[in-house]
Structure formats: structure tokens, C-alpha cells
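The lines below spell out each chain.
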There are 4 protein chains.
Amino acid sequence: MTVNDRTPTSSGFYVTEEAPIHADNPVRTPSSPAPDILRCAYMELVVTDLAASREFYVDVLGLTVTEEDAETIYLRSLEEFIHHNLVLRKGPVAAVAAFSYRVRTPEDLDKAVDFYTELGCRVQRREDGFVKGIGDSVRVEDPLGFPYEFFHAVEHVERLAWRYDLHTPGALVRLDHFNQVTPDVPKAVRHYQDLGFRVTEDIQDSDGVVYAAWMRRKPTVHDTAATGGDGPRMHHVAFATHEKHNILAICDKLGALRRSDAIERGPGRHGVSNAFYLYLRDPDGHRVEIYTQDYYTGDPDNPVVTWDVHDNQRRDWWGNPVVPSWYTEASLVLDLDGNPQPVVARTDASEMAVTIGADGFSYTRKDDAEETPEYKLGHQL
Amino acid sequence: MTVNDRTPTSSGFYVTEEAPIHADNPVRTPSSPAPDILRCAYMELVVTDLAASREFYVDVLGLTVTEEDAETIYLRSLEEFIHHNLVLRKGPVAAVAAFSYRVRTPEDLDKAVDFYTELGCRVQRREDGFVKGIGDSVRVEDPLGFPYEFFHAVEHVERLAWRYDLHTPGALVRLDHFNQVTPDVPKAVRHYQDLGFRVTEDIQDSDGVVYAAWMRRKPTVHDTAATGGDGPRMHHVAFATHEKHNILAICDKLGALRRSDAIERGPGRHGVSNAFYLYLRDPDGHRVEIYTQDYYTGDPDNPVVTWDVHDNQRRDWWGNPVVPSWYTEASLVLDLDGNPQPVVARTDASEMAVTIGADGFSYTRKDDAEETPEYKLGHQL
Amino acid sequence: MTVNDRTPTSSGFYVTEEAPIHADNPVRTPSSPAPDILRCAYMELVVTDLAASREFYVDVLGLTVTEEDAETIYLRSLEEFIHHNLVLRKGPVAAVAAFSYRVRTPEDLDKAVDFYTELGCRVQRREDGFVKGIGDSVRVEDPLGFPYEFFHAVEHVERLAWRYDLHTPGALVRLDHFNQVTPDVPKAVRHYQDLGFRVTEDIQDSDGVVYAAWMRRKPTVHDTAATGGDGPRMHHVAFATHEKHNILAICDKLGALRRSDAIERGPGRHGVSNAFYLYLRDPDGHRVEIYTQDYYTGDPDNPVVTWDVHDNQRRDWWGNPVVPSWYTEASLVLDLDGNPQPVVARTDASEMAVTIGADGFSYTRKDDAEETPEYKLGHQL
Amino acid sequence: MTVNDRTPTSSGFYVTEEAPIHADNPVRTPSSPAPDILRCAYMELVVTDLAASREFYVDVLGLTVTEEDAETIYLRSLEEFIHHNLVLRKGPVAAVAAFSYRVRTPEDLDKAVDFYTELGCRVQRREDGFVKGIGDSVRVEDPLGFPYEFFHAVEHVERLAWRYDLHTPGALVRLDHFNQVTPDVPKAVRHYQDLGFRVTEDIQDSDGVVYAAWMRRKPTVHDTAATGGDGPRMHHVAFATHEKHNILAICDKLGALRRSDAIERGPGRHGVSNAFYLYLRDPDGHRVEIYTQDYYTGDPDNPVVTWDVHDNQRRDWWGNPVVPSWYTEASLVLDLDGNPQPVVARTDASEMAVTIGADGFSYTRKDDAEETPEYKLGHQL
């Protein structure tokens, strides 16, 4: 069943009981049970200029330094009580060293080892952790080529939620999610469902091509998402604010610092997730989203939302254009030896190609015969 | 170990690994496993004037009517996809007929039956549900005297999150929590821990008296709380907004309608939960909280916060006084025959008595020798 | 003295004591004193489909109908106490019939007559006003071709500031300003200075070309502005909200109504004026700005801000691109017989041409040798 | 005509063409013309502990230090371009040394000298100003005993409106107004009308007693207000924020610093002015209001709003109680020799006495027979 066969909601998207995603070339499902993932917990980023990155994440964005040395900075958001949500490590090539998830119990690490071993993946385990503040950890090269980490033991630090004397106008309060670029979205979704993730939203066309999917463990719209494109690459890491004006304040501050070119896209309202968003690029080009106010998804029968790829409000509810770089650029990811994973090209249709330009189209109202007025920038790219 | 033996955080409260609550007279722990509760889902309120209640909840607060008839109105918040979050039923005595929780699977209803049967509680099960929109349900008179309901099967309705054309300035987006008044807080906490709840915060004194405790299933600060007082009674039901200005807008609208006397307490910032809050009283005196921006609590080792009862910022972070009615007034709860449960007096110290007036005291800074200036209203009650 | 000879402020623009604008071909200064203008008061818009316009301004934007009949609708903002801020009149050609200003006294109308008569302009006076709710009025075809109106006598209506029960999430509280497109900006500025306006900000290049200027009577950044382009045409009329989230709520609502294509540009933060903004297009293409939080300008020595036309943060402080339609499209204006004024082409350089595309350039940091990264959309148009 | 003879608006207050205030014992009107006042510009405060005051105004409230030395600190708000809005001067007795207004031209100082000389007031003029950054200035002991200052010449400093890197969550952007306590409000109003002020709102009872009045030069609700009480004393000085959340952020920060006892009243919504407000007390007890979003009052026929003193929403639109200290406490003011002015007792009825307690009453709905429920704190004081 494709999006065309269904009845849209009064908001224009489609709702189904379960993600109607079929993978032609699935990763096989292990017999070993998946570890019980609590939430995305931190990302380890390799950056080429540690001082420049510190300025961006600490001085501009206001993340709190838990600990730092000449090579590495450990940062957390204001409501976090574990050691860090972001590790900046100096290295020769800007890339992602780990997408790290916290699991419910120490025993879940054994499950992680078995799960990935059965899949034939490279697996490393370190009792003392790969980074400071974290105990026993498992790192793997997952079947899609992403460096995934799992841990339970972690150093507790003070949750600064009440420390309003430390809050800035653009206060980041939580790590919200990761976003991964991968050529075959259905394959990724099927695999992450095996790992225990649940799909909350996706973007499809009437031929059943899946352009992106959002998947969660904690009851928000996502802990990670699969975005169709050349991969494995990291699309972005997202931090949450409490209110929308906090996000606007980050834009205002970047303007004041004459760093407005760090703003890639937004601010705006997503169609997918209904969250208010902003995309920044850090000094290495790593993309950071600032995000607030998606919805509760914790019920097992939470309705899955499917968006038509030609719906011009799916990526921005206000119809504002998505800049090309947002579709095409992303960060390399590292294997367990610290070398960049080779990037494989997407073969399915590209979301950018099918929605803008000579060969694409987007609509504001599905059955609108009339053309959208010329002043909508999305039509001019 | 009492609050006096511990080291406070830089925000003035105390953090422990697990709720340090001891019950002298506990409800026994059943051998039957507890049902897997997802979240607080709806409250059934008996109201004496259905038209007046409809005006309050629909015209003033903007809840959405899913369905209604001459006796009953089914209401939901804007981001809800289940049939309702609040049932208003016409009846002779204003009271609460059910605190209703959604469970993960249909099988959890069998567990609920066994759990409460083993405890010797009255248990009723109806395959068609006790109210419209809900399927197979179990209602019990719990060991503390509260009418608890559990269900899984429920009618899905459209989630109106994206329908901004329907949003009002004070848009209520989620049911957030219940709050129950009970004479013996440690007893209540121990019992609800048996039911699978986890304590996130509490209020104690240096003698170990527990004045209130907050407990969660979904990863927010609470799905319900136990407030010390004459009980069983219902203290309040809480709905969430996205932003603080939404809560201020409700106050502004009540002023415009010359109904400002519906505002009982607030708006303000809680110490406990760190949320922004407002307390209203509906036409029957049922208390409704409007609430936003507490923090994520989903990790199993989420730090438990303990507040000193004499800390004047525990209930209002800005030190604004708690009005006496907020401590003393609450709604009756019904047994399974629809008769009000008798109210048992609290014998432990009263939070109001120990914090204000001739026999109480509160501090802004714990070690402040100086008296708080006279203009703080809390000192004058 | 050009922008290049001056020292910029720490925010990147330039400040002078008085607008350094020289007009080569000025309108002569009348010997008759100018009327004492209080503020921009209302715009009379001719619309081709009155029902469609009503839906836009009343149902979507929430303006209050003071009075209406089959041909005309009189609308006001929530804090207004005069009869209207906007008149929608049904007519064959979408255009502006009047930019109307309120003057301090009835006698100022005599001054207006003398002022414009001396300039050889067409002048009409009607004791009963040209529209309902307004008394004795003077309308002129001003030296730049714009239909200007002046009045003092006006019907008072209830100021709805306190009627929060009537407020919507995107509540419009005041008419803020007009914006006029004219080929020769210095000529316009000189003339409006004769009429008593004071320049607050402008955009220039190092050759002294003036691209736009902002002028005020009330102590905000402007009551009207002159934007360089083919004219006389009306660029936009602007309404104010109290907060930024009110503007975002308008975008969200347009998305929910599947009318996101009414959003032309923004939301964003202006460099000029420092206000938060959004540009919409009404059913006839008339441009409406929603605007909030500029600054007080009422002192006679209020510093005049000059922006370099190549500063990419001048129009949007976040560096987001200005869509071409915003530069090129505008509404016709009518003469006193109701016929559209002929449009004269601008001969000075076009702001769009000098800032984007092959022949233009914009900088984020003036002395940045490096090119702005490709992902900034402004560089791709 | 008293409030009882008039027809209220739909919001419950009364509107008249002009302030219906009669003074029994007026200051006589000078034949000399009044100086043309632009706006309230700065207050000079004497503080007893300069370091403590600096911490409060700079570290907590975030005002910008323009200049400072061992005895004096010159502070400004973020959108100000004149040297300062607040002077903190170390002295033996906490008091106000000057309510300072900026006038339109240097010649207005001559007018000020003549105006007050004719009234028999003490007048001092200093060409170099009484404080740094200000030129030629006139200080007087006005007929009501207040130290008023007038100046035009002033040092310009950078307006930091665009410097969002310097903004805090509670950013203060403008000085908004003063508030003066005086025994005879009608006498004060009449005198300040002679000085060119216009009344925008007042509070009266049905006997014609005037409890307070608000008066403006710039087109906001006030530049100063007369509050009935023992005087001359200074009730408060007010700074403006852009949004309501900025004010809440100040409360949150005071909580985090364990200084919540600096919050005297609020936050809340005023009835009078319709602004959102908060009252703080500085280390010397000087009262500071934080204020946002009143309305435009610049038209000469701006409707004057009269509130019934028994309307419980006049001071707080949400009906929250006014703490007694807010009515009774205020700062001394100095004569031109630096000695405190003697305080004269009010003989008219006290607003506090007529509205709360055994001899007073307040209503939410004027014609409500029913008593307000007991939980409204205002009824319990």
C-alpha cells in the first residue's frame, strides 16, 4: 500500500498502525536478543581544531564542560546527570567516532556483544570505557557501517537544571537525537527495528520509495533517524531547548558574533516531528540541530505518520525551502580503527531531485491545480 | 539518614541513588507481578453542573471534545491520540471516579486483577470498558482507598498536534500527571513502588518525616504524586503546555472573563520538578494544574531529589507563598459503587504547619542567621 | 562621506548624527509649515475578492472587524482605539488607495492643504472623510506619486488590549508602519524630512548610493520607509505583535490551513530596526509584514544607523537570503480618481543586483578573505 | 462624576476623555512655559554598600557598566544610547538623589529654571552636570518635595541592541518609568500636568478619592506615576524587557542564587497599563520593577482609563494579592543638600485599607452577590 492509496489526516499526512516499510535486501535478524537501549546518550566527534570547536560548543552554544584536556573535551547539556553528551576529540579528519547509546543494565552489554557477533560485525569491549566518565562499553561497526556504542556504567555529575544563573538565552537542556545518512533506508529501518527501535514517522512516495524514517527508544519522535543518501555518514546531532525563543536567541547571538554563516537552515517548524528547529554547521562542518517540542510517542500503538515526499510542508511546515547542502553534505564516520568508512552511493531516487528543480515537484495543497506563486524560493533552485 | 546528614547540591536540595523512604506500616508486596503501566491516561471526574464544567474545560481551557452526551463529556489534549484524557460525568457529588492508567498489553489487565486480588482489594473488570472509547478495563479500590483503573484497548482519534488553526494561546497539549492526597506518604510510596512506579523527588524533614513524593512511569518527573494530608482525596490533575507564555495566557484570559478567582496559586516555578506551573479550581473546586518543562527521568539510576521541608524554594522556586487552601482542600474520591470514600486524617506533621505561622519556619538560605525581610508574604499567614 | 570612510560600531554598521543623504533632484521645500503628524494610522487597500481578503485578515490574522458592508470592511488591531487601521475596499484592481496619517490637531489639516498646494500637488478635502469612522480629511497625490491622507477627527472604539479572551496565538496589537517603493530614495527622504519625518536607519554603498531609508514620527524605527525600486508602489504594511512566538504562531497556522505559500520571507531577525519579522502575501498579493521589538527613537539626536549594502546581515541578521520577489514585487497605488499611478523605473543600482548573483556580493565578516561556504542559499540565486 | 456614574468597558474599567481629577489644594500654575520633556532618562540612587548594589544591578540584573569609580557606578540598559539610566552612588543613607528627565533642547533648561523659580522652588544649575556623562543640568526641589533633574546634553555611547552575545535571559532593554509616593495624588497630578505630563490611567473610588495616577511624556503608559501614601518617597524605578519570559528568567536566576527573597511581588499582569510585571527589592530595599508590553498612548485624545479601587483585578489582572510592604514601604528622597526630605503622612483613605482586611473589600465581578472563595489569599491578610 502506498501513500496514494490511503486517506490523509486533516493535516495532510497519513497515519498507519505500523511502519509500512519493506526492505528488499534486509540485514538478517539475529536470534540473540537485542540490548535494551534507554536513549541516545552521547556522540564522539573528531574535530580538526579543538580550540575552534570549544569556542563553538562552549562559548557560542553554552554547553557545560564536565572535563577537558589537551586532546579531548567532555560536554553536557544543562539537564544531564551523566558525564557527557558530546565528546570533542582532536584528530586529523573531521568525523564521527561513536553514536553512543545508554542501555538499561550492565547485562545488556553481553547482549550487545552477542547480537552483533551473530551478525558478523566487528565488536570491541572495554571494561574501562573508550572515553572518560564511561565504564564498561561495547563498540561495534554495525551492519550499515556506523560506529555504534553501548554502555551502562557512567559517572554521575550534577544536573544543572535549577542553575538558572548558568543558563544562557539559548540554553541547551538535553541531547535529543542522532541522524544517520544511509543509502538504503528500508534496510536501515528493518535493522534498527531488530535492535529495538520503533518507527514514528517516515517520508515516502507513491511508488513506495522511502526517503527517510524516524525511530525512537525513549518516547520522543526519535533517538535516531535514517536519511536517504550516500553513506554511512552522520547527518546531524541534535540538542533540545525548552522554548522556541531559545533557538531564536542562538541565531541572534550568531549574528552578533558575525557568524551567521554557521546557520545552514531554519529556524523553522518541521512537518515531520512537529518540532521547531535550526540547523547549524560547526567549524568542521559537522551539522548540529537545535530542536524543541515534538510529541510523546511512548505507547506501543503510537500512530506512525507517513509524509508524501511531494508535500512541501513535510520538511518545513511553513513551506520554506531546504537548502541543497542540507541534502548533500554530511560527516564521515570512523571504523573501530579510526579510519573513515567508505561512502556508498544511494541508488534510490534522491529527495532533493524529486521535490525541486526541473524534474521534481512539491505541492502546498495536494489537489491544487494552480501553480504555487513564483515567490516561493523552493521553486527556484 | 536524614536530610541533615547529607551534602546538598549547589542548588540546595539533596540527591540520592534511591528514594530513602521507609514505611512503618507498609502494604504488603504481592507475589503477583504488577501490570506494566505506560502512563497516566485519563481522569474521570464527577461534576455537579455539566454545563458549567464544559464551559470551564472547553471554552476557557480549550480542551477538545471527542464525544459528548447529556450526561458525559469526553475531552482530550491537542497531542493525544487516544479517545480522551478527561471524562466529565454529571453526578450529585463532586468527586473523582477513576485515576486511569494505560498498560502496555491486554495481558497486563490479568496481572492487574491478580495483583489487587492478592492484596484483598475490590476489583471490577468490564470487557467493554467503564466509559466510552475504552475497551477491556479493570477498576480497583486500591489499598490506599483510591479508585484506580487500568486499560489497554482504546479508540484512536486524530492527534491534533499540527492543527495550529485549533490552538489557543493557552493550548493544552498533554495530560501530564495526577496528584493524590494520602495520610501516610511512605506507605503510599512503598505501595506504588510495588506497582512499578519510581520515585523522582520528595520532601522530607530532618526527622525523616516525608511530606510528599513524586513517582513516574513515563520518563517525566511524575505520573502521580503522594501529598501528605487527610485522604484518600485527589489533589489535582495536570495538563501540559509547550511554553510558559501559554500558561500566562490562561491567566490573562481568566482575567478578561472576570474569572480570575479561578486562579488559586501561581503562576510560578516549582522547586520540585523544576516545572513552570499554575493551579486553577474548576466550578466544583476540582484543582487543575497547568504545567510545563520538567526534565527527563527515564534512566534507572536517575538521581532522586530530596528537598528539605523548610526550604522556602521547594514548592515555589521564587519563594512565593503557598496559599493555605492548596494544602487543605482536595476532591473526594469514589469507591466502585460510586460512594465517596471516607477521609482519614493525617497524623504526621503538616507541611503547612511546619513551614509557616508561629510554629513553622522557612529559609531562603539555609545558614542565614538573618531573618527574611518582612515583605515576604509567606511569613505573614 | 561614504560608509567606507567611517568607523563601524561593534555590530558592523555605522552611526552618524544625522542621515547623510544628499538628493540630486530634490522636491523643493515649501515655505508652508508641515502638518504635525502623530503616526501612521491606517491603509486603504483595494482588493479584488472581498470574501477572500476577509478570510485572510479576519479568520487567519485575527484583525477585529469594527464595521463592514458589502463593499468595505473596517479592521483594527487589538490595542487600537481609533475606528480602524485597515480598510479593505472591493475594486477592480488590487492597489493602495491611501496611506493615512493621523495629525495632532484639526488645524493641521489646513497646514496639509497649504503644504501640498504650494508644491503643486492635487489636494482633496472632505469634511465627512473619505471612509467611515474618520472625520475631516485631506487626501493628496504627493510629489512622489503616493496617495497620502491626513486626518484628526476619528470615531473612538473600545481598545481590546485587556480582552485576552479575544486574542489568538498570533495576536496583532498595533499598526506599526508602511513601506513605499520609489525610484529615487534620497529624493523621497528629503521630501519626507520636509514633512517632518526623521531618518532612523538607511542602507548605502561606498559610492553613496542609497538603497533604502527608514523614517519615523512616533518614536519607533519607522512610520514609513522608502525602498528603492520601480515606483510609486506600496511595498508592505506592517502590524506588530507583542512577542516573537506570536509571529511563529501565524506561520504554524498558515501551515495547518495549507496556506504556507502565503509566507513569502521569514520569519527572521532584521538587521535594520533589530525587529523580528515575517512577510506574508494576501490573496491579491499585497504584502503584509508582521513585526515586533524594534527600539525607542524619540530623542532628537537619536543615532542614525547606516548599513553597508554588502553586509549580508543588514536585511536578515541571521544571513538568510532575501527572496527575489521581495525585491521586485509591490502593489500599485491609486491617484485621487482611483486610477493606478504609472510606475517609473529605478535608474540607480538595484540592491538585489549588487548583493547576489554573478555581479553582486555579500559578506558576513567585512574583512573576511575567505568565501562564505556554499551552503548559504543567498549565494546561489 | 465618580466611577459609579459611568458605564464600564467590557473589561470592567471606565474610559473618559480626560483625567477627571480635581485638586483641592493645587500647586499654582506658573506663567512660565514648562520645559519640553522627552522622557524619564535616569535615576540617581544613593546606596549604602556599593559592592552589594553592583552585584545586584550588574551581576544579577545584567545592566551594562558605562563607567565606574570607587564611589559611583553608571549603568545603562541594552538599547540605550545615552551615558546611563541609573547612577549608583555610595552614601550614608539609602535614598533617591534625582529623578532625571531629558528635555528636547538646551533652551528647555532655561525654561525649567524659570518654571520652578516662579513656583518658589529651590533650583540649582550646573553647566558640567551633577554626574558624569551629562552636560548642563538643572536640579530642583519640586513643589511636592521630589528632587527633579532636567538635562539635554549627554554623552552618546554604543546602543547594544544588536549585541545579542551580551544579552542575558533576563535582558533589560530600556528604562521605562519612575513611580513616586505622595500624600495628595490629585495635587501631584495637577502639578505634573502643568509640567506637560498627560494622565493615561488612574485608580479612584466612588467618592472621588484618587489612589494613584499614571502620567506620560513619551507615548507609553507612563514616565512617572503618583501613588498615594506618605511622601515624598520613591516607590520604584522600572526597566523594560522585550518578552515575558525575560522577566520569568530573572525570577529563576534569583532562585538559583538563593536570593528569591529579593522578589517582593509578582510576576503578574497589571490591570493598570496591561503590562506584565515583577517587583524586586535591591540590597538597600530600593524597589525595582521589571515591566513589559504596555500600549501606545501618543494620541492627544488617548482614552484615559479609570479603575475602581475595589476592582480586585486593577493591580493584578489575575487577582493575586498585593503584599502589604508594596503599599507601605518606599525610599526616601533627598533635598539639594543631600538630606532626606521629611515624610508627610497621607490623610486620604489608604488603598490597602479600603481593599483588604476587615474594613476593605474587593470584587472580581462587580455585581457578584457571592463572596469570593476563601482560597483567594487577598482576603486573608
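### Here's the deal with the overall build of chain A
Thought 1: Summing up its helical and strand segments, chain A has 6 helices and 19 strands in all.
Thought 2: C-alpha atoms of chain A, sized along the principal axes, occupy 60 × 55 × 40 Å.
Thought 3: The burial tally for chain A puts 69% of its 381 residues in the buried class.
Thought 4: The long-range share in chain A, meaning contacts at least 24 apart out of those at least 6 apart in sequence, stands at 70%.
Thought 5: Of the roughly 11,800 Å² that chain A leaves accessible, carbon and sulfur atoms contribute 47%.

### A closer look at the relation of the copies chain B and chain C
Thought 1: Of the transformation placing chain B onto chain C, the axial shift is 0.0 Å and the rotation is 180°, giving an RMSD of 0.0 Å. Read as a symmetry element, the transformation amounts to a two-fold axis. Identified as the residue of chain B closest to the rotation axis by C-alpha distance is B:Pro169, at 2.3 Å.

### Examining the side chain of B:Ser137
Residues and elements named next belong to chain B.
Thought 1: Tracing the backbone shows Ser-137 in strand β8 (residues 137-141).
Thought 2: A polar contact is formed between the side chain of Ser-137 and the backbone oxygen of Gly-135, at a distance of 2.6 Å.
Thought 3: Residues in contact with Ser-137, not counting those within four places in the same chain, are Leu-109, Gln-124, Arg-125, Arg-126, Gly-129, Phe-130, Glu-149, Phe-150 and Phe-151.

### Considering the interface of chain B and chain C
Thought 1: On the side of chain C, 13 residues touch chain B, which itself brings 13 residues to the contact.
Thought 2: Note on chain B versus chain C: buried area summed over both sides is about 950 Å², and carbon and sulfur give 71% of it.
Thought 3: Where chain B meets chain C, there are 0 salt bridges.
Thought 4: Remark: the boundary between chain B and chain C carries 0 residue pairs in polar contact (both at pLDDT 80 or more).
Thought 5: Here the side of chain B that touches chain C is composed, by residue class, of 5 nonpolar, 3 polar and 5 charged.

### What about the nonpolar core?
Thought 1: Judged by nonpolar contacts, the single largest core of 175 residues is most densely connected at A:Phe150 and C:Phe150.
Thought 2: Once you skip the residues sitting within four places of it in the chain, C:Phe150 turns out to touch C:Pro35, C:Ile37, C:Tyr101, C:Val103, C:Leu109, C:Ala112, C:Tyr116, C:Asp136, C:Ser137, C:Val138, C:Val140 and C:Leu195.

### Description of the pattern of salt bridges
Thought 1: What the rule picks out here adds up to 133 salt bridges over all chains.
Thought 2: Residue C:Arg314 pairs with C:Glu351 through a salt bridge whose shortest N-O separation is 2.9 Å. Remark: C:Glu351 occurs in helix α6 (residues 351-355) and C:Arg314 occurs in the loop between β18 (304-308) and α5 (324-328); sequence separation between them is 37 residues.
Thought 3: Between D:Lys132 and D:Asp69 there is a salt bridge, with the nearest N and O atoms lying 3.3 Å from each other. Taken together, the positions of D:Lys132 in the loop between β7 (123-126) and β8 (137-141) and D:Asp69 in the loop between β3 (64-68) and β4 (72-76) put the pair 63 residues apart, joining distant regions of the chain.
Thought 4: Judged by relative accessible area, D:Lys132 falls into the partly exposed class, the value being 35%.
Thought 5: Relative accessible area serves as the criterion here: at 34%, D:Asp69 is assigned to the partly exposed category.
Thought 6: Counted as one network, the salt bridges with shared partners bring together A:Arg39, A:Glu80, A:Arg102, B:Asp299 and B:Asp301.

### Notes on the packing of aromatic side chains
Thought 1: Counted by the stated rule, this structure contains 92 aromatic pairs over all chains.
Thought 2: Between D:Tyr101 and D:Phe178, the aromatic rings sit 5.4 Å apart at their centres with planes inclined by 80°, giving edge-to-face as the arrangement. Here D:Phe178 lies in strand β10 (residues 174-182) and D:Tyr101 lies in strand β6 (residues 95-103), a separation of 77 residues in the sequence.
Thought 3: Judged by its relative accessible area of 0%, D:Phe178 falls in the buried class.
Thought 4: In this structure an aromatic cluster arises from ring pairing among A:Phe99, A:Tyr101, A:Phe115, A:Tyr116, A:Phe146, A:Tyr148, A:Phe150, A:Phe178, A:Tyr192 and A:Phe197.
Thought 5: Note that B:Arg265 overlies the ring of B:Trp326, its terminal NZ or CZ placed 4.6 Å from the centroid.

### Points about the side chain of D:Glu80
Residues and elements named next belong to chain D.
Thought 1: Mapped onto the secondary structure, Glu-80 falls in the loop between β4 and β5 (86-90).
Thought 2: Within the structure, Glu-80 has its side chain in polar contact with the backbone nitrogen of Ile-82 (distance 3.2 Å).
Thought 3: Among the polar contacts made by the side chain of Glu-80, one reaches the side chain of Asn-85 at a distance of 2.8 Å.
Thought 4: Setting aside chain neighbours within four positions, we find Glu-80 in contact with Arg-39, Asn-85, Glu-158, Arg-159 and Val-173.

### Describing unusual backbone geometry
Thought 1: Looking along the chain, the bond that leaves A:Gly231 and enters A:Pro232 is cis, with omega of 10°.
Thought 2: With an omega dihedral of 5°, the bond running from D:Gly266 to D:Pro267 counts as a cis peptide bond.
Thought 3: With respect to the helices and strands, D:Pro267 occurs in strand β15 (residues 263-269).
Thought 4: Positive phi, normally seen in glycine, also occurs at B:Ser273, with a value near 85°.
Thought 5: Within the secondary structure, B:Ser273 is located in the loop between β15 (263-269) and β16 (276-281).
Thought 6: Of the residues examined, B:Ser273 reaches a relative accessible area of 1% and is grouped as buried.
Thought 7: Despite not being glycine, D:Asn274 shows a phi value in the positive range, around 65°.
Thought 8: Here D:Asn274 is to be found in the loop between β15 and β16 (276-281).

### Notes on the pairing of strand β17 (residues 287-292) of chain A
All names here are of chain A.
Thought 1: For β17, the buried fraction is high: 6 of the 6 residues fall into the buried class.
Thought 2: Across the two faces of β17 the burial is the same, with Arg-287, Glu-289 and Tyr-291 and Val-288, Ile-290 and Thr-292 all buried.
Thought 3: Both strand β14 (residues 233-240) and β17 contribute to a ladder of 4 bridges, which runs parallel. By the bridge assignment for β17, Ala-238 is matched with Glu-289.
Thought 4: Taken together, the 6 bridges between strand β16 (residues 276-281) and β17 define a ladder with antiparallel strand orientation. Each bridged residue has a counterpart across the sheet, and for Phe-276 the counterpart in β17 is Thr-292.
Thought 5: In textbook terms, the turn of a hairpin is the stretch between consecutive antiparallel strands, and for β16 and β17 this stretch comprises 5 residues, one of which, Gly-285, has a positive phi near 90°.

### Some words on the interface of chain A and chain C
Thought 1: Taken together, the contacts link 43 residues of chain A with 43 residues of chain C.
Thought 2: Taken together, the two surfaces of chain A and chain C that pack against each other cover about 3,500 Å², and 52% of this comes from carbon and sulfur.
Thought 3: At the surface where chain A touches chain C, the tally comes to 6 salt bridges.
Thought 4: Note that C:Arg365 and A:Asp261 form a salt bridge whose closest N and O atoms lie 2.7 Å from each other.
Thought 5: For the pair chain A and chain C, the interface holds 22 residue pairs in polar contact (both at pLDDT 80 or more).
Thought 6: Considering each element in turn, the side of chain A that touches chain C owes the most residues, 8 residues, to helix α4 (residues 244-256) of chain A.
Thought 7: Grouping the constituent residues of the side of chain A that touches chain C by class yields 18 nonpolar, 13 polar and 12 charged.

### Thoughts on helix α2 (residues 107-118) of chain B
Residue and element names in this part refer to chain B.
Thought 1: Given a rise of 1.5 Å per residue, 12 residues ought to cover 16 Å, and the 17 Å separating the end C-alpha atoms of α2 matches this to within 8%.
Thought 2: Each element contacted by the buried residues of α2 is listed here: β6 (95-103), β7 (123-126), β8, β9 (147-151) and α3 (185-194).
Thought 3: Of the residues one or two after α2, Gly-120 is the one with positive phi, at around 80°.

### Describing the confidence of the model for chain A
Thought 1: Confidence along chain A averages 94 in pLDDT terms, with 94% of residues attaining 70 or more.
Thought 2: On the interface metric, ipTM, the complex scores 0.96, and its pTM is 0.97.

### Quick notes on the packing of α4(A) against helix α4 (residues 244-256) of chain C
Thought 1: Their axes nearest at 10 Å, the elements α4(A) and α4(C) cross at an angle of 105°. One element, α4(A), and the other, α4(C), form an angle in the roughly perpendicular class. Of α4(C), the residues touching α4(A) (which contributes A:Lys244, A:His245 and A:Leu248) are C:Lys244, C:His245 and C:Leu248.

What counts and what doesn't
Residues numbered from 1 in each chain as written. Chains lettered and ligands numbered in written order. Predicted model: local features only at pLDDT ≥ 70, side-chain atom pairs only at ≥ 80, totals over all residues. Heavy atoms only, no water. Helix = DSSP H or I, 4+ residues; strand = E, 2+ residues; numbered from the N terminus. Buried < 20%, exposed > 50% of the residue type's maximum accessible area, 1.4 Å probe, protein only. Contact = heavy atoms within 4.5 Å. Areas by Shrake-Rupley, 256 points an atom, 1.4 Å probe, with all protein chains shown as cover. Least-squares fit on C-alpha atoms with pLDDT ≥ 70 in both. Polar contact = N/O pair within 3.5 Å; in protein donor to acceptor, adjacent residues only side chain to side chain. Buried area = accessible area lost by both parts, 1.4 Å probe. Salt bridge = Lys/Arg side-chain N within 4 Å of Asp/Glu carboxyl O. Nonpolar A, V, L, I, M, F, W, Y, C, P; charged D, E, K, R; others polar. Core = buried A, V, L, I, M, F, W, Y, C linked by side-chain atoms within 4.5 Å. Phe/Tyr/Trp six-rings, centres within 6.5 Å; stacked < 30°, edge-to-face > 60°. Lys NZ or Arg CZ within 6 Å of the ring centre and 35° of its normal. Pairing = 2+ DSSP bridges. Expected span 1.5 Å × (residues − 1). pLDDT = per-residue confidence, 0-100. Axes fitted to C-alpha atoms, helices over the stretch in contact; angles between N-to-C directions. Parallel < 35°, antiparallel > 145°, perpendicular 65-115°, else oblique.

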